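The primary structure of each chain is shown beneath.
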Amino acid sequence: MKVIFRADDVGYTPVSNRGAFRSMEEGVVSLVELMVDCPGSEEAMEFLKERPWISVNWHTHWWGTPVAGAENVPSLVDASGHFRKDLGNSHRFGISGIDYEDMLRECRAEVEFYLRKMGRVPDATNVGNSIIGRAKKAVCDEYGIVYGYNRYYHYGPEAAGHKPGMNLPEDWDPKYEEKRIFEYENFGRPGLLLKDYKQYDPLEMIMTMPEGDYVWMRSEHPGYVDERIWEDTAEICSIQRCKDVEALCSPELKAWIRENHVELVNLRDALYGSREYQNYLLATGSDLALERLL
């Protein structure tokens, strides 16, 4: 089977980046979700620009400050010039009072920021059907950014609206069906809530991936925690980030990859049939290269 290990929230803060970078250098991350509205974004872009074997997705986080400038997107910001708090939770609770042109302006500014700092646009993103999703879709179509490429596979009992087996996101495009890219989820286990920290075991969740002709995409949040991270995410997805770093760099995970002949790929490999990540493993002498596992 093929697996993409994805790091979410890259660029959050410089301290958080230390853990994310380690998960790429010492670990098995081949895809990142990169935010451009937060304090660590430029550093992360410089790091990733030197590592072209790692795919980069556009992660609209909405917890920082607008790239377009607060004065140019007044319906998106609070009195301090930061994004409105409800923007960051709009995927769960909905959103109102957003001007479409403001959102379009911010989305375009974020993609242009990628172009200036990295010399290319992101590989992919998610969109959806909300006002945010419609603006993102328009900008993706303008710049040639992929969306709607993956489905979700939920392992375990029904939880949080996720039925067992395949789930279709609202922006899925059937033209990607033959790519067989599934984000692998297993809700219902101890997860990202602070109260679940001691029981949270990312390795156990990763190792439930069944064999098959799939490209599994497994998302973690590797990073270290500073005051900004704690302030934003104390009750959900805070110190679990540190466990994700350790799991993605662990001998146990690497042994599982070797024993199961897992082919590590990046997103471009999965979409276009390239071998960028495997070529990187071979060039660096890694014992995780598939050719050395067979």
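Placed above this text is the structure.
Residues numbered from 1 in each chain as written. Predicted model: local features only at pLDDT ≥ 70, side-chain atom pairs only at ≥ 80, totals over all residues. Heavy atoms only, no water.

A. Highlighting the pairing of strand S3 (residues 55–58). Because side chains alternate across S3, one face comprises the buried residues Ser55 and Asn57, and the other comprises Val56 and Trp58, equally buried. Pairing between strand S2 (residues 31–34) and S3: four bridges, direction parallel. Looking across to S3, one finds that Glu33 is bridged to Asn57. Taken together, S2, helix H2 (residues 41–49) and S3 form a β-α-β motif whose crossover is right-handed. (Buried < 20%, exposed > 50% of the residue type's maximum accessible area, 1.4 Å probe, protein only. Helix = DSSP H or I, 4+ residues; strand = E, 2+ residues; numbered from the N terminus. Pairing = 2+ DSSP bridges. Right-handed = clockwise from strand over helix to strand, strands pointing away.)

B. How the structure looks around helix H1 (residues 14–25). In this model, H1 (twelve residues) spans 16 Å end to end at C-alpha, consistent with the 16 Å of a helix rising 1.5 Å per residue. Looking at H1, one finds that the buried residues are Ser16, Asn17, Gly19, Ala20, Phe21, Ser23 and Met24. Close packing links the buried residues of H1 with strand S1 (2–10), S2, H2, helix H7 (227–233), helix H8 (240–248) and helix H11 (276–283). (Expected span 1.5 Å × (residues − 1). Contact = heavy atoms within 4.5 Å.)

C. View of the packing of H2 against helix H4 (residues 100–118). At a minimum axis distance of 10 Å, the contact between H2 and H4 shows a crossing angle of 50°. The angle between H2 and H4 places the two elements in the oblique class. The hand of the H2/H4 crossing is right-handed. Contacts from Ser41, Glu42, Met45, Glu46, Leu48 and Lys49 of H2 reach H4 at Phe113, Tyr114, Lys117 and Met118. Class assignment for the residues of the contact of H2 with H4 results in five nonpolar, one polar and four charged. (Axes fitted to C-alpha atoms, helices over the stretch in contact; angles between N-to-C directions. Parallel < 35°, antiparallel > 145°, perpendicular 65-115°, else oblique. Left-handed = near helix turned anticlockwise from the far one by under 90°. Nonpolar A, V, L, I, M, F, W, Y, C, P; charged D, E, K, R; others polar.)

D. Representation of the pattern of salt bridges. The tally for this structure, following the rule as stated, stands at 22 salt bridges. With a closest N to O distance of 3.0 Å, Arg105 and Asp102 form a salt bridge. Pair noted here: Arg105 and Asp102 are both in helix H4, with a separation of three residues, about one helical turn. In this structure, Arg268 and Glu276 form a salt bridge, with 2.6 Å as the shortest nitrogen-oxygen distance. For Arg268, a relative accessible area of 12% puts it in the buried group. The exposure class of Glu276 is partly exposed, given its relative accessible area of 29%. Among the charged side chains, a salt-bridge network with shared partners connects Arg6, Asp8, Glu33 and Glu183. (Salt bridge = Lys/Arg side-chain N within 4 Å of Asp/Glu carboxyl O.)

E. Summary view of the packing of aromatic side chains. Evaluation of the coordinates by the stated rule reveals 13 aromatic pairs. Measuring from ring centre to ring centre gives 4.4 Å for Trp53 and Tyr280, while their planes differ by 5°; the resulting arrangement is stacked. Note that Trp53 is positioned in the loop between H2 and S3 and Tyr280 in helix H11, a separation of 227 residues in sequence. Trp53 gets classed as partly exposed once you look at its relative accessible area, which sits at 22%. Among the aromatic side chains, those forming a connected cluster through ring pairs are Tyr153, Tyr155, Phe182, Tyr184, Tyr214 and Trp216. One residue, Lys136, lies across the ring of Trp58, its end atom 4.9 Å from the ring centre. Against the face of Tyr197 rests Lys243, its NZ or CZ located 4.5 Å from the ring centre. (Phe/Tyr/Trp six-rings, centres within 6.5 Å; stacked < 30°, edge-to-face > 60°. Lys NZ or Arg CZ within 6 Å of the ring centre and 35° of its normal.)

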